[in-house]
Amino acid sequence: MSVFTITDKAFDVKDFNLWYGDHHALKNINFPIRKKEVTAIIGPSGCGKSTFIKTLNLMINSIPGVKMSGEINYNGQNILNEKLDLVDLRKNVGMVFQKGNPFPQSIFDNIAYGPRIHGKKRKRDLEEIVIKSLMDVALWDEVKDRLNAPALGLSGGQQQRLCIARALATKPNVLLMDEPTSALDPISTLKIEEMILELKEKYTIVIVTHNMQQAARVSDKTAFFLMGELIELDETSKIFSQPSDERTEGYITGRFG
Amino acid sequence: MEKVVPAKDRLLKSKKSWMDGEVRGRILVFLSAIIMIAATISITIFIGQKGLQAFINNGVSLIEFLTSKIWDPTNQKNPVYGALPFIFGSFAVTFLAALVAAPLGIGAAIFMTEIAPSWGRKVLQPVIELLVGIPSVVYGFIGLTVLVPFIRDHVGGLGFSLLSGMIVLSVMILPTITTIATDAMATIPKALREGSYALGATRWQTIRKVLIPAAMPSLLTAIVLGMARAFGEALAVQMVIGNVSKFPHSILDASGTLTTIITLNMGNTTFGSVDNNVLWSMGLILLVISFVFILIIRYLSARRKI
């Protein structure tokens, strides 16, 4: 596997293994993730791509019976080390889920939730963060007149963008997106893809997607997972034009998966 | 354009419907519904009619009944029918019991769903079911034998008091509140918890700022249902509260509630007399307040967020 030479890695995953009970779900993963790039993870269902992205902010820890070995270095620190503060990690590594999951509160309170739990109390600071986050996801114009309206009243696409804004409000460095558009219509999907291209100026983005066109459209690097193994990781243009591994080629040309 | 006949009517008209018992089944469930509705309506009419008799036929003043602190029906010359001490007593024990049972019940629900979902539920669930299964007379008996002397010796007063009533009732309504609160917490989508944890929230922050607010209307419903049960409980309260007709001035004073006064006096009054009719009036008040509880629950469930 040709690995780019980088010194500015957001994550550096080394010899990482994960088991659900006896099931060896991720096998010997070596995966550097470069800062301020979009890294897409593709692969058939059950290949471990969702599991992998959930280990980067240790959301995987809430599943009972998970065992892990190896290293996941974030800013030079191994996050698997129990001494590392999980709250700090998740503040810096935001996550967006398959389906928008706004809290049953107002739009404002949803976005202010992160800053509030991390100690921001002043109304003016919170307002500033809320406005900025909403602008970053291009939702500001749509909701500026109803910040106190319930977030559950928004459309599905708006809810997902709200959740992205909510994740951005804690000022993370990395944004993890686990199939963020799989439940959305094409227009909402397009909006989120455009947003990703803007956000990568400021954030490192890792996106798991079922949609290969989406990976090709938004990402700089693409990783192909198959049955718990990282088969290939390379420039997106290379993966989709001349992949090194025939299994990658088989998947992207639709021969399986 | 042709008129669209609803599918259920067309199914009923089908030649096969008699064979498959379609109509018979329909009659059966219809009857069940009608019997229930008829029972509720007739009870309401009966209590309404009996409850108003004291005011209409016996000339008891409704204002006096609702506002006078003096209950003296046996006074030969000038009987006074002031039910306020009992109305107050009923509300006092109900609210006090809810004050104790609500935090405990919701706390237990959170423990079972959020903190220790695996073993917490396994241990607490049977405990709660057991609490439901204990008959109210047993609660009263335990209260009378253990609680009343304890309060008399260690807290003060006679022991028969609002405090005793509150403690017995809070234990009795605890299972109601806990069960409904547990269901409310358990139905919160997992995605909300994930969303909060992924933002770096701790477990307590997630519970306090996301889960409890999300479940709030259902949690309030749990409390109101508990209160409705406390309000209607007669036997256990009667055994520990002292059943005096005086207005209580402290939590250690003996008191009476609408239910306890009805059960105590219904055997000692003749049917149709004023003394009997005012008991029906108290029953009517109980009924009206139950309706209010139901209205509150309906209002809360309409406001459910998830």
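Residues numbered from 1 in each chain as written. Chains lettered and ligands numbered in written order. Predicted model: local features only at pLDDT ≥ 70, side-chain atom pairs only at ≥ 80, totals over all residues.

A. Summary view of the overall build of chain B. The number of helices and strands found in chain B is 12 helices and two strands. Each helix (α) and strand (β) of chain B, taken in turn from the N terminus, gives the series α-α-α-β-β-α-α-α-α-α-α-α-α-α. Structurally, chain B occupies a C-alpha span of about 75 × 60 × 30 Å along its principal axes. Split into buried and exposed, the 306 residues of chain B put 36% on the buried side. Excluding contacts between residues fewer than 6 apart, the proportion of contacts in chain B whose partners are at least 24 apart in sequence is 72%. (Helix = DSSP H or I, 4+ residues; strand = E, 2+ residues; numbered from the N terminus. Buried ≥ 20, exposed ≤ 12 C-beta atoms within 10 Å, placed from the backbone. Contact = placed C-beta atoms within 7 Å.)

B. View of unusual backbone geometry. Residue and element names in this part refer to chain A. Despite not being glycine, Lys36 has its phi angle at roughly 50 degrees, a positive value. Inspection of the secondary structure puts Lys36 in the loop between β2 (23-34) and β3 (38-42). With a phi angle near 55 degrees, Ala138 is a residue other than glycine that sits in the positive phi range. You can see Ala138 is positioned in the loop between α4 (123-136) and α5 (140-143). Overall, Ala138 belongs to the partly exposed group, with 16 C-beta atoms counted inside 10 Å.

C. Up close: the packing of helix α4 (residues 84-115) of chain B against helix α11 (residues 258-265) of chain B. Residue and element names in this part refer to chain B. For the pair α4 and α11, interaxial distance at closest approach is 7 Å and the crossing angle is 125 degrees. The angle between α4 and α11 falls in the class oblique. Residues Phe86, Ile87 and Ser90 of α4 form the contact with α11, whose own contacting residues are Leu258, Thr259 and Ile261. By residue class, the composition of the contact of α4 with α11 is four nonpolar, two polar and no charged. (Axes fitted to C-alpha atoms, helices over the stretch in contact; angles between N-to-C directions. Parallel < 35°, antiparallel > 145°, perpendicular 65-115°, else oblique. Nonpolar A, V, L, I, M, F, W, Y, C, P; charged D, E, K, R; others polar.)

D. Quick peek at the confidence of the model for chain A. Across chain A, pLDDT averages 91, with 97% of residues at or above 70. Note on residues 1-6 of chain A: pLDDT under 50 across the span, and six contacts to partners over four residues away in sequence or across chains. (pLDDT = per-residue confidence, 0-100.)

E. Region of interest: the interface of chain B and chain A. Across the contact, 17 residues belong to chain B and 20 residues belong to chain A. Counting residues per element, the ones that place at least two in the side of chain B that touches chain A are α8 (190-198) and α9 (203-232) of chain B. Residue contributions to the side of chain B that touches chain A peak at six residues, all from α8 of chain B. Grouping the amino acids of the side of chain B that touches chain A by side-chain chemistry returns 10 nonpolar, four polar and three charged.

F. View of the pairing of strand β1 (residues 9-20) of chain A. Residues and elements named next belong to chain A. Bridge analysis of β1 against β2 gives eight bridges, and the strand direction is antiparallel. From the neighbouring strand, Trp19 faces β2, where its bridge partner is His24. In this structure, the hairpin formed by β1 and β2 is closed by a connection of two residues, where Gly21 is found at a positive phi of approximately 60 degrees. Examined bridge by bridge, β1 and strand β4 (residues 66-74) share eight bridges and lie antiparallel to one another. Each bridged residue has a counterpart across the sheet, and for Phe11 the counterpart in β4 is Tyr74. (Pairing = 2+ DSSP bridges.)

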